[in-house]
Amino acid sequence: MFPKRAISSLAAVLLLQGVPAGAPAAEPGVAIAVTGPEEVVFRHAADACDLWHIPDAPARAFRDAAGTVHLVAAHDVNRAMTGPDLNRVRVDCRVIFEGAHRDDPAQFDDRAWLAGFYTVDGRTVHALVHNEWQGHRRPDRCPAATYMRCWYNAVTAAVSRDGGYRFERAGKHALVAALPYRFDSASGRHAGYFGPSNIVRHAGHFYAMIFTERRGAQQRGVCLIRTADLGKPGAWRAWDGGGFTVAFADPYRQEVASPDRHVCRPLPGLSHAVGSVTRDEATGLFIAVLLGAREGETGLFYATSPDLLSWSGMRLILRAPHFGRWRCGEPSPVGYPSLLDPDSPSASFETVSGEAFLYLTRFNPEGCRLGPDRDLVRLPVTVTPLR
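Residues numbered from 1 in each chain as written. Predicted model: local features only at pLDDT ≥ 70, side-chain atom pairs only at ≥ 80, totals over all residues. Heavy atoms only, no water.

Trainee: Explanation requested: the overall build of the protein chain in the structure shown.
Mentor: Within the protein chain one finds one helix and 25 strands. For 387 residues, the compact-globule formula gives about 21 Å, and the C-alpha radius of gyration of the protein chain, at 19 Å, lands near that figure. Projected onto the principal axes, the alpha-carbon positions of the protein chain cover approximately 50 × 50 × 45 Å. Classification of the 387 residues of the protein chain by burial places 59% in the buried group. Of the roughly 14700 Å² of accessible surface on the protein chain, 48% is carried by carbon and sulfur atoms. (Helix = DSSP H or I, 4+ residues; strand = E, 2+ residues; numbered from the N terminus. Rg over C-alpha atoms; globule rule 2.2 N^0.38 Å. Buried < 20%, exposed > 50% of the residue type's maximum accessible area, 1.4 Å probe, protein only. Areas by Shrake-Rupley, 256 points an atom, 1.4 Å probe, with all protein chains shown as cover.)

Given below as structure tokens:
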């Protein structure tokens, strides 16, 4: 997620990509292979409703009660593509959600990206929101006035009551996950919980993944959160290494005496931000797709899990330039991967079976800069059980 300006330094995008993974923990249980050429889903030069209408988050999809599919690859002015199925969506320039640009970080309501959806009936659609407080826009609060040093992030909730055509904050206090520490301009770095994955249902609960940087008692890595009630933002709990006992604290509404009780335990084996999580119908395994690097090799990877807690080693799907490590003169880099199956019976597209598409953002360099010119593309893939 970027501020609305051309990016001349790529330091701003490294935080969501993690560090090189360690040795593989286990075989993945499925093989994922690209089977055809790239298809363009959204071409910025032809389809953008304004300059900063860009795919700046992993593609998500859901199906409303009338059968219309909504595809969202969000920026902070959130729009959707809609159509009769995932293969025939077109841009709708109506804004479906936008943060309130509030100056006070205690409101957790500045810039907002719709990042993960779930619907049961196609009418009420719940969403997790990547919520950035951009302190560089408020130099009185953050004298450094630089994006990375003044970035304070949280996860909030939004909801649509009309099948996804318009979202609103899920109540006055829509906070899902925040660090137990207030914004501190003296820290000199970004902080918070970032980039929620899509939402999947498993064993009576709803699950999602978020990425976090190290600060205080919080360790860096991928955290798993779950809830039994999507209608209550404060009901989400994080994995603590033994159970889902961590209740996130709002440091602006309460005195946090023991911060270590309000931070999540990162999952072992997932050292990169997760683009999406889907369940393979043939094996029952969950598949996480990630943009990352391993042993000097950058590209799109995947890992699998039977329970969302224990993960296999990462396996490469496709070598590709990493947008967080791109250098002038290299081929166009990619980012924000997600796996979607047009034939998924789930209204929230949380399953894959046999054939699917790997969606990603293809950046189109402008000289030696990565700016708003970027396209949403997809690659056909097969998902095959390993015997």
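Trainee: Help me out: how do you make sense of the pairing of strand E17 (residues 244-247) in this one?
Mentor: On a regular strand, each side chain points to the face opposite its neighbour's, so the side chains alternate between the two faces of the sheet. Looking at chain direction, strand E16 (residues 237-239) and E17 are connected through three bridges and run antiparallel. Directly across from tryptophan 239, in E17, lies its bridge partner phenylalanine 244. The antiparallel pairing of E16 with E17 creates a hairpin that spans four residues between the two strands, and glycine 241 there sits at a positive phi of about 105°. (Pairing = 2+ DSSP bridges.)

Trainee: Before we go on, may I ask you to explain the packing of aromatic side chains in this structure?
Mentor: The geometry of an aromatic ring pair is captured by two quantities: the separation of the ring centres and the angle between the planes. For the structure shown, the criterion picks out 17 aromatic pairs. Arranged with centres 4.7 Å apart and planes meeting at 15°, the rings of tyrosine 147 and tryptophan 151 form a pair that is stacked. As far as the burial class goes, tyrosine 147 and tryptophan 151 line up, both buried. In textbook terms, an aromatic cluster arises when at least three aromatic residues are bridged by ring pairs, as seen for Phe108, Trp133, Tyr152, Phe183 and Tyr252. When the ring centre of phenylalanine 357 is taken as origin, the NZ or CZ atom of arginine 378, which lies over that ring, is 3.6 Å away. (Phe/Tyr/Trp six-rings, centres within 6.5 Å; stacked < 30°, edge-to-face > 60°. Lys NZ or Arg CZ within 6 Å of the ring centre and 35° of its normal.)

Trainee: Where do I start with unusual backbone geometry in this structure?
Mentor: Residues other than glycine predominantly adopt negative phi, and peptide bonds predominantly adopt the trans conformation. Phi angles above zero are rare outside glycine, and phenylalanine 108 is one such case at about 50°. Of note, phenylalanine 108 is situated in the loop between strand E6 (90-98) and strand E7 (111-119). Overall, phenylalanine 108 belongs to the buried group, its relative accessible area being 7%. The backbone of alanine 203 sits at a positive phi, close to 50°, despite the residue not being glycine. One can find alanine 203 in the loop between strand E13 (200-202) and strand E14 (205-212). Residue alanine 203 is classed as exposed on the basis of its relative accessible area of 67%.

Trainee: What am I meant to see in the pattern of salt bridges here?
Mentor: Close approach of charged atoms allows side chains with opposite charge to pair. Within the structure shown, the criterion is met by 18 salt bridges. Here arginine 111 and aspartate 110 are joined by a salt bridge, their closest N and O atoms 2.8 Å apart. Look at aspartate 110 and you get buried, because its relative accessible area is 0%. The partner of arginine 138 in a salt bridge is aspartate 110, and the shortest N-O contact between them spans 2.5 Å. Highlighted residues: arginine 138 in the loop between strand E8 (125-134) and strand E9 (151-160) and aspartate 110 in the loop between E6 and E7, separated in sequence by 28 residues. Considered together, arginine 138 and aspartate 110 belong to a single accessibility category, that of buried residues. When salt bridges with common partners are traced through the structure, they connect Asp76, Asp103, Asp110, Arg111 and Arg138 into a single cluster. (Salt bridge = Lys/Arg side-chain N within 4 Å of Asp/Glu carboxyl O.)

Trainee: Help me out: how do you make sense of the state of the cysteines in this one?
Mentor: Between two cysteines, a covalent bond joining their sulfur atoms is known as a disulfide. Inspection of every chain in the model, using the stated rule, returns four disulfides. Linked covalently through their sulfurs, cysteine 142 and cysteine 150 form a disulfide whose S-S length is 2.0 Å. Residues cysteine 142 and cysteine 150 share a disulfide whose torsion about the S-S bond is about -80°; that sign makes it left-handed. Of the two residues, cysteine 142 and cysteine 150, neither departs from the other in class, the shared state being buried. Put simply, cysteine 223 and cysteine 264 are joined by a disulfide, and their sulfur atoms are 2.0 Å apart. Taking the torsion about the S-S bond as the criterion, the cysteine 223 to cysteine 264 disulfide, at about 65°, is right-handed. Placement of cysteine 223 in strand E15 (residues 221-227) and of cysteine 264 in the loop between E17 and strand E18 (274-280) is noted, with a sequence separation of 41 residues between them. (Disulfide = S-S within 2.5 Å.)

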